[in-house]
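Letter by letter, the chains look like this.
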Amino acid sequence: MKFEYTQAFDLITEKVGEELAKTGYTRQKVAAGDDKELVSLFTGENVAYAVAYIKDRQQMVLRSCAMTEDGPDNDWKTLSTWLYDDVVSTQKDAESIANDFCEGVSGTVAIRRSKQAKQKKKKSDDGTADPHFLAKRFITYFPELKDEIRAEEDGYDPFRGATFAKEHIAPRLVEFIKTANEKETEKMAGLFNLQYSNGDSDTRAVLTAVLINSLEDSEYEKLAEYLNDETALAAKSIRKYKGREVKPEKVKVKRPSKFSTLRDTQG
């Protein structure tokens, strides 16, 4: 008997959700995107799972990625893919897919995946997180930073953390704080608190001397209301230097490849 792909997706999502609930996962609401796929999202402490149906390929897909303090890191990896053509597929086919996906999110492999994600997360948050890592944390708020970070990575070695923050993050932060409501401001302050606590000395300097000092008094006071004691003390101390020039970073510009040099010469 014909079983529509929407019915199959709901069945698979329900069974995967039941399996994940056993280990503390929660199903999250997913904002409606384009009409190319259906997606359900489940998040745990260290790993996120997504069940998707890609309409033009007629595929049911199970994906996973690591969790950060701001949610899934969106570096999704495909764990399993099944063809589901609802012209010929049946409920039995959907149940087989559900069983396979449930196996993929449980058992020893899933436990190992969670441990690896936890270790990776701990390594990033052990007090040595650098300005490069910090810049990526702001992608949650300013998605366009993703391409700008990639351009910075391609153009400079090492990553110019302070310069990048001043040119790309600070202007957006100012506009964000101006229009943010209390909840949004509190969440942004939470990012500052966590990254100040976990960051190395360069990261702390970027957060305070560059980003906090990019704010005018009214914006700073709005953010400061939600800063914890450690971050607030550092912010207060650095405010007296607002307006002073920060010593530019010494950077090593990447040399063009031999191929590009030869190409330019021949042109």
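Residues numbered from 1 in each chain as written. Predicted model: local features only at pLDDT ≥ 70, side-chain atom pairs only at ≥ 80, totals over all residues. Heavy atoms only, no water.

## Quick word on the confidence of the model for the chain
Selection criterion: As a per-residue quantity, pLDDT reports the predictor's confidence and falls between 0 and 100. In this text, helices come from DSSP runs of H or I with a minimum length of four residues, and strands from runs of E with a minimum of two, each type numbered from the N-terminal end.
Averaged over all residues, the pLDDT of the chain is 85; the fraction at 70 or higher stands at 84%. Mean pLDDT values over the elements of the chain span from 43, in helix α11 (residues 258-266), up to 96, in helix α6 (residues 161-179).

## Considering the nonpolar core
Short version of the rule: Among buried residues, those of type Ala, Val, Leu, Ile, Met, Phe, Trp, Tyr and Cys that are joined through side-chain atoms within 4.5 Å constitute a nonpolar core. Think of it in three bands: residues with accessible area under 20% of the maximum for their type are buried, residues over 50% are exposed, and the middle band is partly exposed, with areas taken using a 1.4 Å probe on protein chains only.
One finds Phe138, Ile169, Met188, Phe192, Leu211 and Leu223 to be the most contacted residues of the largest nonpolar core, which totals 33 residues. Of all the secondary-structure elements, those providing two or more residues to this core are α4 (131-137), α5 (145-155), α6, α7 (182-198), α8 (201-211), α9 (217-224) and α10 (229-238). For this core, the element with the most residues is α6, which contributes 8 residues. Ranked by size, the runner-up nonpolar core spans 23 residues in total, among them Ala8, Val16, Met60 and Phe101.

## A short note on unusual backbone geometry
Across residues other than glycine, the phi torsion is negative in most instances, and most of the peptide bonds are trans. Omega for the peptide link from aspartate 157 to proline 158 comes to 5°, which places this bond in the cis form. Within the secondary structure layout, proline 158 lies in the loop between β7 (156-157) and α6. Phi at glutamine 58 takes a positive value of approximately 55°, unusual for a residue other than glycine. With respect to the helices and strands, the residue glutamine 58 is situated in the loop between β3 (47-54) and β4 (59-68). Classification of glutamine 58 by relative accessible area gives partly exposed; the value is 28%. The backbone of asparagine 74 shows a phi angle near 65°, a positive value even though the residue is not glycine.

## Quick word on the packing of helix α1 (residues 5-21) against helix α2 (residues 91-104)
Selection rule: For helices, the fitted axis covers only the stretch in contact; all axes are lines through C-alpha atoms, and the angles between them, taken along N-to-C directions, range from 0 to 180 degrees. Should an angle fall under 35 degrees it is called roughly parallel, over 145 degrees roughly antiparallel, and 65 to 115 degrees roughly perpendicular, with every other angle called oblique. In a left-handed crossing the near helix is turned counterclockwise from the far helix by less than a right angle, and in a right-handed crossing that turn is clockwise. Pairs of residues are marked as contacts when any of their non-hydrogen atoms sit within 4.5 Å. Residue polarity follows a fixed list, in which Ala, Val, Leu, Ile, Met, Phe, Trp, Tyr, Cys and Pro are nonpolar, Asp, Glu, Lys and Arg are charged, and the others, Gly among them, are polar.
Closest axis-to-axis distance for the α1/α2 pair is 9 Å, and the angle between their directions is 30°. Classified by the angle their axes make, α1 and α2 are roughly parallel. α2 is crossed by α1, and the crossing has right-handed handedness. Taking contact as the criterion, the partners of Ala8, Leu11, Ile12, Lys15, Val16 and Glu19 in α1 are, on α2, Gln91, Ala94, Glu95, Ile97, Ala98, Phe101 and Cys102. Here the residues of the contact of α1 with α2 sort into 9 nonpolar, 1 polar and 3 charged.

## Some remarks on the packing of α7 against α10
Contact geometry for α7 and α10: axes closest at 9 Å, N-to-C directions at 85°. Between α7 and α10, the crossing angle belongs to the class labelled roughly perpendicular. Residues Phe192, Asn193, Tyr196 and Ser197 of α7 pack against Glu230, Thr231 and Ala234 of α10. Looking at side-chain class alone, the contact of α7 with α10 contains 3 nonpolar, 3 polar and 1 charged residues.

## Re the packing of aromatic side chains
To keep it simple, the criterion reads: Centres within 6.5 Å are what make two rings of Phe, Tyr or Trp a pair, Trp counting through its six-membered ring; a difference in plane orientation under 30 degrees is then read as stacked, over 60 as edge-to-face, and the rest as tilted. Any Lys NZ or Arg CZ found within 6 Å of a ring centre and within 35 degrees of that ring's normal is scored as a charge over the ring.
A complete count under the given rule lists 8 aromatic pairs for this structure. Here tyrosine 5 and tyrosine 53 contribute two aromatic rings whose centre-to-centre distance is 4.8 Å and whose plane-to-plane angle is 15°, an arrangement assigned as stacked. Here tyrosine 5 is found in helix α1, whereas its partner tyrosine 53 is found in strand β3, with 48 residues between them in sequence. Relative to phenylalanine 142, the ring of tyrosine 141 has its centre 6.4 Å away and its plane inclined at 50°; by these criteria the two rings are tilted. A relative accessible area of 15% means that tyrosine 141 is categorised as buried. Grouped by ring-pair contacts, the aromatic residues Phe138, Tyr141, Phe142, Phe176 and Phe192 constitute a single cluster. Over the ring of phenylalanine 133 we find arginine 137, and its NZ or CZ is 4.4 Å from the ring centre. The ring centre of tyrosine 220 lies 4.3 Å from the NZ or CZ of arginine 239, which sits over that ring.

## A closer look at α6
Keep this limit in mind: One less than the number of residues in a helix, times 1.5 Å, gives the span that helix is expected to have. Each residue is assigned a bend, namely the angle between axes fitted to the seven residues that terminate at it and the seven residues that start at it.
Its 19 residues place the ends of α6 26 Å apart at the C-alpha level, agreeing with the 27 Å of an ideal helix rising 1.5 Å per residue. The largest bend along α6 measures about 45° and falls at isoleucine 169, with the proline proline 171 one to four residues further on. Among all positions in α6, only Gly161, Thr163, Phe164, Ala165, Ile169, Ala170, Leu173, Val174, Phe176 and Ile177 are buried. Residues of α6 that are buried in the fold lie against α4, α5, α7, α8 and α9.

## A word on the pattern of salt bridges
This is how the line gets drawn: Here, a salt bridge means any side-chain nitrogen of Lys or Arg that lies within 4 Å of a carboxyl oxygen of Asp or Glu.
Following the criterion strictly, the structure yields 11 salt bridges and no others. Salt-bridge contacts for glutamate 19 lead to lysine 22; the nearest nitrogen and oxygen are separated by 3.3 Å. Residue classification places lysine 22 among the exposed positions, given a relative accessible area of 64%. Among the ionic pairs, arginine 172 bridges to glutamate 148, the shortest N-O distance being 2.8 Å. With a gap of 24 residues between them, arginine 172 in helix α6 and glutamate 148 in helix α5 connect regions that are remote in the sequence. Overlapping salt bridges bring together Glu144, Glu148 and Arg172 as one network.

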